[in-house]
Amino acid sequence: QFHTIKYEDLKWDESLGQGSFTRIFKGEKTDYRDGEKHTTEVLLKELDPDHKNCWESFFEAASFMSQISHKHLLHVYGVSVHGDKNIMVQEFVKHGALDLYLKREKSLSVSWKLNVAKQLACVLNFLEEQSIIHGNICAKNLLLVREEDPSQGISPFIKLSDPGINVAMLGKDVIMHRIPWIAPESLAAPDNLTHECDKWSFGATVWEIFNNGNPPLQGWSLEEVKLKFYENKQQLPPSQWTELADLIGQCMSYDLAFRPSCRSIIRQLNSLVTSDYEILHATESVTQ
Ligand SMILES: Nc1cnc(-c2cc(N)nc3[nH]ccc23)cn1
């Protein structure tokens, strides 16, 4: 399943916030390899003691992340259980969650956003090839490993985090907060997630990336209003960039059969890059 880490080999540093039924902290883990003491910076994700009943789902998320490895998948070192504390020990990712980064960095370029969307499409394709369903794809679950540095030709690098507690275990209210990332068919059957659900969430996440981290349906706080979004088969406000709006619209089709394959998503994103190039040159020729 996964590696168990001794509680005494962990050190807690500052709190970094919380997730669904979890609290996260920066920390350190100590290993003793070939007689030497190694300290690694980690992210400690603690399951709330009053949600102990979710520990299986909590560890299921950890084990799914440890079973496979991919450059754009967050590394999970293992788990530690100590009394009523269940802790997942993850790789610490320097720049944190993408939703906050998008809100903070207002002048990210189109190519930055496309580059990140392509990385997410790659890991989505990998998960589909491994017949693994993530179930909680959103900007908050994308972590920024490396910022871009255009002067050095360095592009951003992201990793997909664990899905957290399985959505089927969460209360109705938490599921409501997942609108519009959660596929409409999953609202009725949260314990029956499919690869198509991940594609719907991919669409909502690409929308977030191109809308500077403004959560979709931001003003729609009331749950019944959000439910209307699904009942009326509404779409998120389309981007002016038609090809991008088309791709997001395909991913967020109410009919699963219309959602594109991962190969098609990657192909469409690749074509977007070139048309992005055309827009850039068009803009330059106009301004010259
Ligand atoms: N696996 C992870 C997950 N989150 C972080 C992280 C990093 C940071 N600089 N600020 C944060 N604030 C909240 C979380 C977080 C790191 N690693």
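All values derive from a computational prediction rather than experimental measurement. (Residues numbered from 1 in each chain as written. Predicted model: local features only at pLDDT ≥ 70, side-chain atom pairs only at ≥ 80, totals over all residues. Heavy atoms only, no water.)

**Student:** Would you mind going over the pairing of strand β1 (residues 10-19) with me for this structure?
**Tutor:** Two faces make up the sheet, and in a regular strand the side chains alternate between them. Bridge analysis of β1 against strand β2 (residues 22-33) gives seven bridges, and the strand direction is antiparallel. Bridging from a neighbouring strand, Gly17 pairs with Ile24 of β2. Here β1 hands over to β2 after two residues, with Phe21 in that stretch at a positive phi of 65°. (Pairing = 2+ DSSP bridges. Helix = DSSP H or I, 4+ residues; strand = E, 2+ residues; numbered from the N terminus.)

**Student:** What is the right way to read the sheet that holds β2 from this model?
**Tutor:** The pairing of strands in a sheet happens through backbone hydrogen bonds and is either parallel or antiparallel. Within the open sheet, the five strands sit side by side as β1-β2-β3-β5-β4. Their pairing is antiparallel. In this open sheet, the two strands that pair with only one neighbour each are β1 and β4 (76-82). If you compare each strand with its neighbour and ignore which way they point, the axes differ by 30° on average. In this sheet, strand β3 (residues 36-47) lies alongside β2 in antiparallel orientation, the contact comprising twelve bridges. Across the sheet, residue Ile24 finds its bridge partner in β3, namely Lys45. Its contacts with the sheet place helix α1 (residues 55-67) against β2, β3, β4 and β5 (85-91), and it is angled at close to 20° to β5. (Axes fitted to C-alpha atoms, helices over the stretch in contact; angles between N-to-C directions. Contact = heavy atoms within 4.5 Å.)

**Student:** I would appreciate a short explanation of the site of the ligand in the present structure.
**Tutor:** Leu16, Ile24, Leu43, Leu74, Gln90, Glu91, Phe92, Val93, Lys94, Gly96 and Leu143 make up every residue found near the ligand. One nitrogen or oxygen atom from the main chain of Val93 is found 2.9 Å from a nitrogen atom belonging to the ligand. Bound to the protein, the ligand loses 80% of the 380 Å² it would expose on its own. The cavity that encloses the ligand is the largest pocket. Considered class by class, the residues forming the shell around the ligand number seven nonpolar, two polar and two charged. (Near = heavy atom within 4 Å. Polar contact = N/O pair within 3.5 Å; in protein donor to acceptor, adjacent residues only side chain to side chain. Areas by Shrake-Rupley, 256 points an atom, 1.4 Å probe, with all protein chains shown as cover. 1 Å grid on protein atoms, 1.4 Å probe; cavity = no way out; pocket = protein on both sides within 12 Å on 5 of 7 lines; lining within 4 Å. Sits in = over half its atoms within 2 Å of the grid points. Nonpolar A, V, L, I, M, F, W, Y, C, P; charged D, E, K, R; others polar.)

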